[in-house]
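Single-letter residue listing:
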Amino acid sequence: AQSVTQPDARVTVSEGASLQLRCKYSYSGTPYLFWYVQYPRQGLQLLLKYYSGDPVVQGVNGFEAEFIKSNSSFHLRKASVHWSDSAVYFCAVSAFSGGNNKLTFGQGTVLSVIP
Amino acid sequence: NAGVIQTPRHKVTGKGQEATLWCEPISGHSAVFWYRQTIVQGLEFLTYFRNQAPIDDSGMPKERFSAQMPNQSHSTLKIQSTQPQDSAVYLCASSLEGSNERLFFGHGTKLSVL
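Since the structure is predicted, the reported quantities are computational estimates derived from the model, not experimental observations.

Thresholds, definitions, all that
- Residues numbered from 1 in each chain as written.
- Chains lettered and ligands numbered in written order.
- Predicted model: local features only at pLDDT ≥ 70, side-chain atom pairs only at ≥ 80, totals over all residues.
- Heavy atoms only, no water.
- Pairing = 2+ DSSP bridges.
- Helix = DSSP H or I, 4+ residues; strand = E, 2+ residues; numbered from the N terminus.
- Axes fitted to C-alpha atoms, helices over the stretch in contact; angles between N-to-C directions.
- Core = buried A, V, L, I, M, F, W, Y, C linked by side-chain atoms within 4.5 Å.
- Buried < 20%, exposed > 50% of the residue type's maximum accessible area, 1.4 Å probe, protein only.
- Phe/Tyr/Trp six-rings, centres within 6.5 Å; stacked < 30°, edge-to-face > 60°.

(A) Representation of the sheet that holds strand β1 (residues 5-7) of chain B in the model. Residues and elements named next belong to chain B. Strand order in the open sheet made by the 4 strands is β1-β3-β8-β7, with antiparallel pairing throughout. Of all the strands in the sheet, just β1 and β7 (65-71) have a single pairing partner and so form its edges. Neighbour to neighbour, the strand axes of the sheet diverge by 20° on average, direction disregarded. Here β1 pairs with strand β3 (residues 19-24) via 3 bridges, running antiparallel. Of the residues in β3, the one forming a bridge with glutamine 6 is cysteine 23.

(B) Focus on the nonpolar core. Core analysis: the biggest nonpolar cluster contains 27 residues, and Leu19, Trp35, Leu47, Leu48, Phe74, Leu76 and Tyr89 of chain A have the highest contact counts within it. Where this core is concerned, the elements lending two or more residues are β2 (10-14), β3 (19-21), β5 (32-38), β6 (44-50), β8 (64-68), β9 (73-78), β10 (87-94) and β12 (109-114) of chain A.

(C) How the structure looks around the packing of aromatic side chains. For the coordinates displayed, the defined rule picks out 14 aromatic pairs over all chains. With centroids separated by 5.8 Å and ring planes inclined at 65°, the aromatic side chains of tyrosine 36 of chain A and phenylalanine 105 of chain A adopt a geometry described as edge-to-face. Of the two residues, tyrosine 36 of chain A sits in strand β5 while phenylalanine 105 of chain A sits in strand β11 (residues 103-105), which places them 69 residues apart along the sequence. Of the two residues, tyrosine 36 of chain A and phenylalanine 105 of chain A, neither departs from the other in class, the shared state being buried. Within the aromatic cluster, the residues linked to one another by ring pairs are Phe34, Tyr36, Phe90 and Phe105 of chain A together with Tyr35, Phe45 and Phe105 of chain B.

Function-wise, these values are silent; they only describe arrangement.
Pasting the structure below:
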């Protein structure tokens, strides 16, 4: 079974500061990893995804994430946040096994950016 | 492309009533997923169809919940005898077939059981 842990329920940062949202996953095989964002009153949107290759993947709006296999982590980063980045961020893992590619999500991290 | 369409956006039911939630996936997408979102539990997987066939319903409560996909253009989630603990936002998502394909989510249906 796969699982995802986002240890920080809420993160508050000042506009212009750097950001890291933590994610750790549990899966015995090779995972597909995703970060989704949920803006207020909007559906979840994909920020970035990783399966193989360069462990640092770039996403939309300046976000990136680094896959560290030895640590089972896939932390999300941004060099300089904007107030519009305030949203709920979800890390997710998918395991393609037997044709079943459902996503398992973490609890989410609420990001508040202070202007 | 209107994206994934979920109707209704809000539904209020009385305890014991039935609720049917509708989802129209993006045209051409072969996979449809249902999730339930609450503050306490977060995003919980419910069920998944591929090419209209049920693939995984391991997240569905064994009683009262059922899902169908009678054709490629819509899926329904039905909750019989609704209970207050069923109150949640029910999200539908669709994707192209493939293990690392992104999910496109609808805005969700907020179900409130009084």
